[in-house]
Amino acid sequence: NPAFTVDLNIQAKQAHTSEDGQQLCLTWPDGHRSRFSSFWLVEHSEGRKEASRLPVEQRLWKSDYYNSMARFDFETLMIDDGSLLEFIMHLDSCGLVLVENVGTAVKEVRRLCERISFPRPSVYGHDVIKVEATPNPSNLAYTGLGLPLHTDVPYYGYVPGIQIFHCIQQPPGTGGMSHFCDGFSVASKLRDTNPAAFHMLSQYAIQYVDAGKDFLDFSMESWHTPIKLNRLGEITAIYFNNDVRGSHYPASLNGRLLEWYEAYYAFSHLMYAPEFLIEFKLEPGQMVAFDNQRVLHGRSGFVLEDGHYRYLEVAYLDWDETRSKARVLKAKINADSNVEQ
């Protein structure tokens, strides 16, 4: 490999700046020439301040976010690249967006996923997951019971990044209300008000498990810190689901388990504070898309009456392909703009 034959002590034969002073021009011993912009040199200089490693600037929100939440028209997303790019960017920065005028036909959530990339398979299905009350449910989601705030499937090693709900049918009455909160906003508040609790939840990975039969027989297990940080201390993910929290803990928590539970309680109680919790009823013909590694979701219980039922179709996406789609769309839109000029 030629890359490993370069002399690590190599020095340029000649060096000068470009006429406009914006580039450093180097000539190497073998005659090869390189140009480096002043921007590139600053970005790659030693001793610079470490830049954020977050994909986009995060916009944290609280319970008043519902009134200003970004809303998108479904068919426009299907045909307009600019609208789709805006949808992805809002989803990435805020973590929660609404899609309206979807209608109640089945498999529409698959259409949206395939407009971006493809639905991610899981033990609950190879693309679209049907969430409806059933006589012998394999999951609490398939009942009429309320669901506490949680992130989905933390028993995966690589947890799905995005979740999309398409509401096809809702029972009448006040039941079946959707609950959401910004886990990054709650975790930031915890760091400010209870740094010891924040430290416990961001330093110690706990076990998440689930087993059963759905799309296939499964027995899942993984370990995650409830609050995940990158090496700069920035919050990058929330993994929180008490219903699938395992009974095993890391040996490093020996003698500190009560302290950990106190931190866990403090975090969970803060999620339900009026300051952070959003509650609304998803209407038939609406979709809600959210960051499954950031936004916690749940629902209130509901009673099924004759002729009425609650039916949602659900799909997962991963952030890698979704952010890739955003970069492709940006390049395409910029190229089209340059052609028009």
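This text goes with the structure placed above it.
Residues numbered from 1 in each chain as written. Predicted model: local features only at pLDDT ≥ 70, side-chain atom pairs only at ≥ 80, totals over all residues. Heavy atoms only, no water.

**Here's the deal with the side chain of Gln163**
(1) Moving on: Checked against the element boundaries, Gln163 lands in strand 8 (residues 162–169).
(2) Moving on: Since its relative accessible area comes to 2%, Gln163 is described here as buried.
(3) Moving on: Engagement of the side chain of Gln163 in a polar contact is seen with the side chain of Asp152, the distance being 3.3 Å.
(4) Moving on: If sequence neighbours within four positions are ignored, Gln163 has contacts with Asp152, Val288, Ala289, Phe290, Asn292, His297, Val314, Ala315 and Tyr316. (Helix = DSSP H or I, 4+ residues; strand = E, 2+ residues; numbered from the N terminus. Buried < 20%, exposed > 50% of the residue type's maximum accessible area, 1.4 Å probe, protein only. Polar contact = N/O pair within 3.5 Å; in protein donor to acceptor, adjacent residues only side chain to side chain. Contact = heavy atoms within 4.5 Å.)

**A look at the packing of helix 5 (residues 183–193) against helix 6 (residues 195–203)**
(1) Moving on: The N-to-C vectors of helix 5 and helix 6 enclose an angle of 130°; their axes lie 5 Å apart at closest approach. Considering the angle they form, helix 5 stands oblique to helix 6. Judged by residue contacts, Ala187, Leu190, Arg191, Asp192 and Thr193 of helix 5 engage Pro195, Ala197, Phe198 and Leu201 from helix 6.
(2) Moving on: Looking at the contact of helix 5 with helix 6 residue by residue, the class counts come to six nonpolar, one polar and two charged. (Axes fitted to C-alpha atoms, helices over the stretch in contact; angles between N-to-C directions. Parallel < 35°, antiparallel > 145°, perpendicular 65-115°, else oblique. Nonpolar A, V, L, I, M, F, W, Y, C, P; charged D, E, K, R; others polar.)

**Points about the layout of surface pockets**
(1) Moving on: The volume enclosed by the second largest pocket comes to roughly 400 Å³.
(2) Moving on: Taken together, 22 residues line the second largest pocket, and the ones lying closest to its centre are Pro55, Thr236, Gln293, Trp319 and Arg323.
(3) Moving on: Of all the secondary structure elements, the ones that give two or more residues to the lining of the second largest pocket are strand 13 (235–238) and helix 8 (319–340).
(4) Moving on: Classifying every residue of the lining of the second largest pocket gives nine nonpolar, six polar and seven charged. (1 Å grid on protein atoms, 1.4 Å probe; cavity = no way out; pocket = protein on both sides within 12 Å on 5 of 7 lines; lining within 4 Å. Points joined across faces, edges and corners; volume = space filled by probe spheres on them.)

**Some remarks on the environment of Tyr239**
(1) Moving on: Relative to the helices and strands, Tyr239 resides in the loop between strand 13 and helix 7 (257–271).
(2) Moving on: Placed twelve residues apart in sequence, Tyr239 and Ile227 show a C-alpha to C-alpha distance of 6.5 Å.
(3) Moving on: Ignoring sequence-local partners within four residues, the contact set of Tyr239 consists of Thr151, Pro154, Val159, Tyr208, His224, Thr225, Pro226, Lys228 and Gln293.

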